[in-house]
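# An overview of the molecular structure
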Amino acid sequence: MSVDEQVSTYYNMLLKRNAGEPEFHQAVSEVLESLKIVLEKDPHYADYGLIQRLCEPERQLIFRVPWVDDNGVVQVNRGFRVQFNSALGPYKGGLRFHPSVNLGIVKFLGFEQIFKNSLTGLPIGGGKGGSDFDPKGKSDAEVMRFCQSFMTELHRHIGEYRDVPAGDIGVGGREIGYLFGQYRRLANQHESGVLTGKGLAWGGSLVRTEATGYGTVYLTQEMMKEHGEDLSGAKVIVSGSGNVAIYAIEKAQELGATVVGFSDSSGWVETPNGVNVELLRDIKEVRRERVTAYVDEETGATYHSDGSIWDLAADVALPCATQNELNGEHAATLAANGVRYVAEGANMPSTPEAIEVFREKGVHFAPGKAANAGGVATSALEMQQNASRDSWSFEYTDQRLHMIMSNIFKNMSKTASEYGHEHNYVVGANIAGFKKVADAMLAQGVI
């Protein structure tokens, strides 16, 4: 049986076993396309059911989360934790609180996390979790009661040497605080390494808040350097206005770029003169308002409720909102409007059709498993500080982050070239991330 036939047979089996999970199917399909290249050159990676084991989570947890709202009414949500692969270390990955969360979404995120964590070079496995709970519009007391109920079930499945969750969409410093407080109460100990993204006064790390956005920009800068260009003077589009987007905007502008647009789920804002980061941070993180408030307070900014942020002309695009936000039509528009570099700050924000358009048009594209690895990399640095009871300076931690992102880019670029796909960073990231995990799995036997 040829490699194509082997991979197709397994993928068809995966579709049947994981029905109704399109995001998971999409994530696996992309990786398997790259693995065909590996298996042609290194067929031993098909031994001992390795590919099948890699695509099957080690453990999937689904649980009820009852809580009481401010009106005294009992609400019930569903909680998830998918512990996907621990060959390299304890499961590591965020918790997402959003109405769209379901098992398929969590599995896609956990699968991506395996390779992302592998690329960092740090000893962490892949996992992900969350709930269909929506923190938007909830009082602090309601969020606290939900988080306490969620952790009451989750606490028995996590630990600093077992599984270390962090934040993701809908889970910021407030939620991590409530989750950690309940964990500490139930565990009867201050196990600071059990969660990352904590407050600085109780085990958190400097740069963790900024890490995913900063890391995306650091990797983008490395990608541009490989092609003789630089962020200084470049025009940049950043979708989203959450944590990742805000700090991607901040770092891009620090490096001399002009961010000409950002967005949220209500619409997008054109900012030809750049973004007032302090105002945006205040609106989104403090006041928790929509981007229309930014336009009301910043001269020169224009709000759009129709069209797309991807209609803007720019040199660089950083999709930092959510999965599948950038489709083939958007990609064609970006290429026509001069975009030469795209790096994913979110998890799988570009559809397969978009990625194919970028490849055809010669747009250099860095996938999320590489470009947004800065968050989990700094989470692992937080774990190191917790383990040693230490606290590092902002400058030192930022240097470590920058070095990790630089190494990720060099590794995926080198790997792509070694397998005959120079500058194909999707192939490079998938293969480089896969080989480290696969070698560990083969060494540890069939488990």
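Since we're looking at a predicted model, the values are computed, not measured.

Okay, the overall build of the protein chain next. Along its length, the protein chain carries 16 helices and 12 strands. Taken over C-alpha atoms, the radius of gyration comes to 21 Å for the protein chain, in line with the 22 Å a tight globule of 447 residues would show. With the principal axes as the frame, the protein chain shows a C-alpha extent of 60 × 50 × 45 Å. Counting across all 447 residues of the protein chain, residues that qualify as buried make up 58%. Restricting to contacts in the protein chain with at least 6 residues of sequence separation, those with at least 24 account for 72%. Counting only carbon and sulfur atoms, one obtains 48% of the accessible surface of the protein chain, whose full area is about 17500 Å². Across the protein chain, the mean location of the 42 positive side-chain charges is 6 Å away from that of the 56 negative side-chain charges.

Turning our eyes to something else, we now look at the UniProt feature "binding site: NAD(+)" (unreviewed entry) in the protein chain. The UniProt record marks Thr-212 and Asn-243 with the feature "binding site: NAD(+)" (unreviewed entry), using the residue numbering of this structure. These annotated residues cover 32 residues of sequence, and their C-alpha atoms all fall within 8.2 Å of one another, placing them together at a single site. Here Thr-212 lies in helix H7 (residues 211-226). Those residues in contact with Thr-212 that lie beyond four places of it in its chain are Val-244, Gly-345, Asn-372, Gly-374 and Gly-375. Following the sequence through the fold, Asn-243 ends up in helix H8 (residues 243-254). We classify Asn-243 as partly exposed; its relative accessible area is 32%. With near-sequence residues (within four places) excluded, Asn-243 lies in contact with Thr-209 and Glu-285.

One pass over the structure, following the stated rule, counts 25 salt bridges. The partner of Glu-30 in a salt bridge is Lys-369, with the nearest N and O atoms 2.9 Å apart. Taken together, the residues span a long stretch of sequence, with Glu-30 in helix H2 (residues 22-41) and Lys-369 in helix H13 (residues 368-371) at a distance of 339 residues. With a relative accessible area of 0%, Lys-369 lands in the buried category. With a shortest N-O distance of 2.9 Å, Arg-174 and Glu-175 are connected by a salt bridge. Taking relative accessible area as the criterion, Arg-174 reaches 17% and is therefore assigned buried. Each of the salt bridges in this network shares a partner with another, and the network as a whole consists of Asp-282, Arg-287, Glu-289 and Glu-297.

Side chains Val-316 and Leu-318 project from strand S10 (residues 316-319) onto one buried face, and the interleaved Ala-317 and Pro-319 project onto a second face that is buried too. In this fold, S10 hands off to helix H11 (residues 328-336), which returns the chain to strand S11 (residues 341-343); that crossover is right-handed.

Turning next to the sheet that holds strand S1 (residues 59-68). To summarise the sheet geometry, strands pair through backbone hydrogen bonds and adopt either a parallel or an antiparallel arrangement. Taken together, the 5 strands give an open sheet; going across it, the order is S1-S2-S4-S3-S5, and neighbouring strands pair in mixed fashion. Each of the sheet's edge strands pairs with one partner strand only, and the pair in question is S1 and strand S5 (163-167). Sheet twist, expressed as the mean angle between neighbouring strand axes with direction ignored, is 20 degrees.

Time to look at H7. Between its first and last C-alpha, H7 extends 22 Å over 16 residues, near the 22 Å set by a 1.5 Å rise per residue. Among the 16 residues of H7, 14 are classified as buried, and the element is accordingly described as predominantly covered. In the stretch just after H7, Gly-228 is the one whose phi turns positive, near 75 degrees.

About the thresholds
Residues numbered from 1 in each chain as written. Predicted model: local features only at pLDDT ≥ 70, side-chain atom pairs only at ≥ 80, totals over all residues. Heavy atoms only, no water. Helix = DSSP H or I, 4+ residues; strand = E, 2+ residues; numbered from the N terminus. Rg over C-alpha atoms; globule rule 2.2 N^0.38 Å. Buried < 20%, exposed > 50% of the residue type's maximum accessible area, 1.4 Å probe, protein only. Contact = heavy atoms within 4.5 Å. Areas by Shrake-Rupley, 256 points an atom, 1.4 Å probe, with all protein chains shown as cover. Lys, Arg positive; Asp, Glu negative; His and termini not counted. Charge placed at Lys NZ, Arg CZ, Asp CG, Glu CD. UniProt positions renumbered as here; feature names shortened; annotations may be inferred. Salt bridge = Lys/Arg side-chain N within 4 Å of Asp/Glu carboxyl O. Right-handed = clockwise from strand over helix to strand, strands pointing away. Pairing = 2+ DSSP bridges. Axes fitted to C-alpha atoms, helices over the stretch in contact; angles between N-to-C directions. Expected span 1.5 Å × (residues − 1).

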